[in-house]
Amino acid sequence: MTRSQTWAPHEVRAAAGGGADELLTRIGELDGGLDAALVRERALVFRGFKVGTDELDRVLDRLLPHRLAYVHGNSPRTKVGGNVYTSTEYPPEFTISMHNEMSYAHVWPARLAFYCAIQPGGGGATPVLDAARWLAALDPEVREAFAGGVRYIQNLHDGYGLGKSWQDTFETDERGAVEDFLKGSGAEWEWQRDGSLRVESVRPATTRHPVTGAEVWFNQADQWHPAGLGDETAAELAAILPEDQLPQMVTFADGGRIPGEYVTQIRDRGLEAAVDVDWYQGDLLLIDNVLLAHGRRPFTGDRRVLVAMSD
């Protein structure tokens, strides 16, 4: 951890040479068991075990009881194994702002596990942030404005265009399977003449943890809003497409425009309050996806961090 904070993820360090066997033993020794430890600590970092990629499935089977597919995920990833994916594939010079995974969806993973297959040459930490602290850090005006929730808008192309296709988003090329998924999600959708799909979903801006009851900031308004992309990128997109045709967009639940200054406040205060988890090859990070938001710092050299999710 590179920043001075009052809270930091709980570290479990290898003591007997490392490997999956020792790591699994240490998981079994956690006070109260894994589930209780994760709620108590919010994040667990497993250091120095040097878990190899050939051992990863065994470890993930213990950390994530029921691995989920990244269906309806909005970020670019590559599936590399049994519901194991690359972390978001954005260029290394970009920061990925804080977010709780799939907080825009009707259901989301309860926990995430990250695994470092190749440590970055420099930078590339995964910042994590207490989502209750994030909520408290926002101005009352912003919290009040979001009290009614947010509306997420997706324009998913049919194989060619900006952003993700609906086939990649839902991991299927069957329209019926997509519709079956959306029927249970509370979303509204419409197939367009060019084969693309428009999806609109209204979700709350906050949620409460099912065990602790803590209210947390839980939405991705700053990542879906053009103002969160930076002035240059937003201007480039505006020159290509009107806002309502962008690959993804967000408004207040009633369709009202979210001010750009709200978006930058959410983004910047989240990043400022985050704690960096640095990566070394073979390390793992397990987080409670409701209690903690996560992101990515820019990096140099190679970096390969894999992620899996569980309900």
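Quick notes on the rules
Residues numbered from 1 in each chain as written. Predicted model: local features only at pLDDT ≥ 70, side-chain atom pairs only at ≥ 80, totals over all residues. Heavy atoms only, no water. Helix = DSSP H or I, 4+ residues; strand = E, 2+ residues; numbered from the N terminus. Rg over C-alpha atoms; globule rule 2.2 N^0.38 Å. Buried < 20%, exposed > 50% of the residue type's maximum accessible area, 1.4 Å probe, protein only. Areas by Shrake-Rupley, 256 points an atom, 1.4 Å probe, with all protein chains shown as cover. Lys, Arg positive; Asp, Glu negative; His and termini not counted. Charge placed at Lys NZ, Arg CZ, Asp CG, Glu CD. Core = buried A, V, L, I, M, F, W, Y, C linked by side-chain atoms within 4.5 Å. Contact = heavy atoms within 4.5 Å. Salt bridge = Lys/Arg side-chain N within 4 Å of Asp/Glu carboxyl O. Pairing = 2+ DSSP bridges. Axes fitted to C-alpha atoms, helices over the stretch in contact; angles between N-to-C directions. Arc of directions from axis to C-beta.

**Q** So what's going on with the overall build of the protein? Which residues, and what values?
**A** When you go through the protein residue by residue, the secondary structure sums to ten helices and 19 strands. A compact globule built from 311 residues would reach a C-alpha radius of gyration of about 19 Å, and the protein, at 19 Å, matches this within 12%. Each principal axis of the C-alpha distribution contributes one length, and for the protein these read about 60 × 45 × 40 Å. For the protein, the residues scored as buried account for 52% of the 311 residues in total. A total accessible area of about 13800 Å² is found for the protein, and carbon and sulfur atoms account for 48% of it. Each charge sign in the protein was given a centre, from 30 positive and 46 negative side chains, and these centres are 3 Å apart.

**Q** Can you tell me about the nonpolar core, naming the residues and giving the values?
**A** Generally speaking, nonpolar side chains in soluble globular proteins are found buried as a group. In terms of nonpolar packing, the biggest core is built from 44 residues, with Phe 146 and Leu 285 touching the most fellow members. If one sorts the elements of this core by residue count, helix H10 (residues 260-273) sits on top with five residues. Here Phe 146 is in contact with Ala 205, Trp 217, Ala 221, Phe 252, Ile 258, Tyr 262 and Ile 266, once residues within four sequence places are set aside. Among the nonpolar cores identified, the runner-up in size contains 25 residues, and Ile 27, Leu 56, Ala 117 and Leu 284 belong to it.

**Q** Which residues make up the pattern of salt bridges, and what values go with them?
**A** Inspection of the entire model under this criterion finds 18 salt bridges. Glu 11 serves as the salt-bridge partner of Arg 47, at 3.5 Å between the closest nitrogen and oxygen. Of the two residues, Arg 47 sits in strand E2 (residues 43-47) while Glu 11 sits in strand E1 (residues 10-13), which places them 36 residues apart along the sequence. The shortest N-O distance in the salt bridge between Asp 35 and Arg 111 comes to 2.7 Å. One end of the pair, Asp 35, is in helix H2 (residues 34-41); the other, Arg 111, is in strand E6 (residues 111-118), and 76 residues separate them in sequence. What makes Arg 111 buried here is its relative accessible area of 9%.

**Q** Provide a residue-level description of the sheet that holds strand E9 (residues 150-156), including the pertinent values.
**A** Pairing is antiparallel across the open sheet formed by four strands, whose spatial order is E10-E11-E9-E14. Lying at the two open borders of the sheet, with one neighbouring strand each, are strand E10 (188-191) and strand E14 (248-252). Adjacent strand axes in the sheet meet at a mean angle of 15°, parallel and antiparallel pairs treated alike. Taken together, the four bridges between E10 and strand E11 (residues 197-203) define a ladder with antiparallel strand orientation. The residue of E11 that forms the bridge with Glu 190 is Arg 198. Those strands touched by helix H7 (residues 175-183) are E10 and E11, and its axis lies near 160° from that of E10.

**Q** Lay out H2 with the relevant residues and their values.
**A** All buried positions along H2 are accounted for by Leu 34, Ala 37 and Leu 38. Angular distribution of buried residues about the axis of H2 spans 100°; they occupy a single face of the element. On its buried face, H2 sits against helix H1 (20-28), E2, helix H3 (56-63), E6 and strand E16 (284-288). The first or second residue beyond H2 is Arg 42, which carries a positive phi of 75°.

**Q** Residue-level account of H3, with values.
**A** Buried within H3 we find Leu 56, Val 59, Leu 60 and Leu 63. The buried side chains of H3 occupy one side of the element, clustering within an arc of 95° when seen end-on.

**Q** Report on the sheet that holds strand E8 (residues 126-130), specifying residues and quantitative values.
**A** Pairing within the open sheet is antiparallel, and its four strands lie in the order E5-E17-E8-E15. In the strand order of this sheet, the two ends are held by strand E5 (96-99) and strand E15 (275-277), each with one partner. The mean angle between the axes of side-by-side strands here comes to 25°, regardless of whether they run parallel or antiparallel. As defined by bridge partners, E8 adjoins E15 across three bridges and the pair is classed as antiparallel. Each residue of the ladder has a partner; that of Pro 127, found in E15, is Asp 276. Of the strands in this sheet, E5, E8 and E15 are in contact with H10, which crosses E5 at around 85°.

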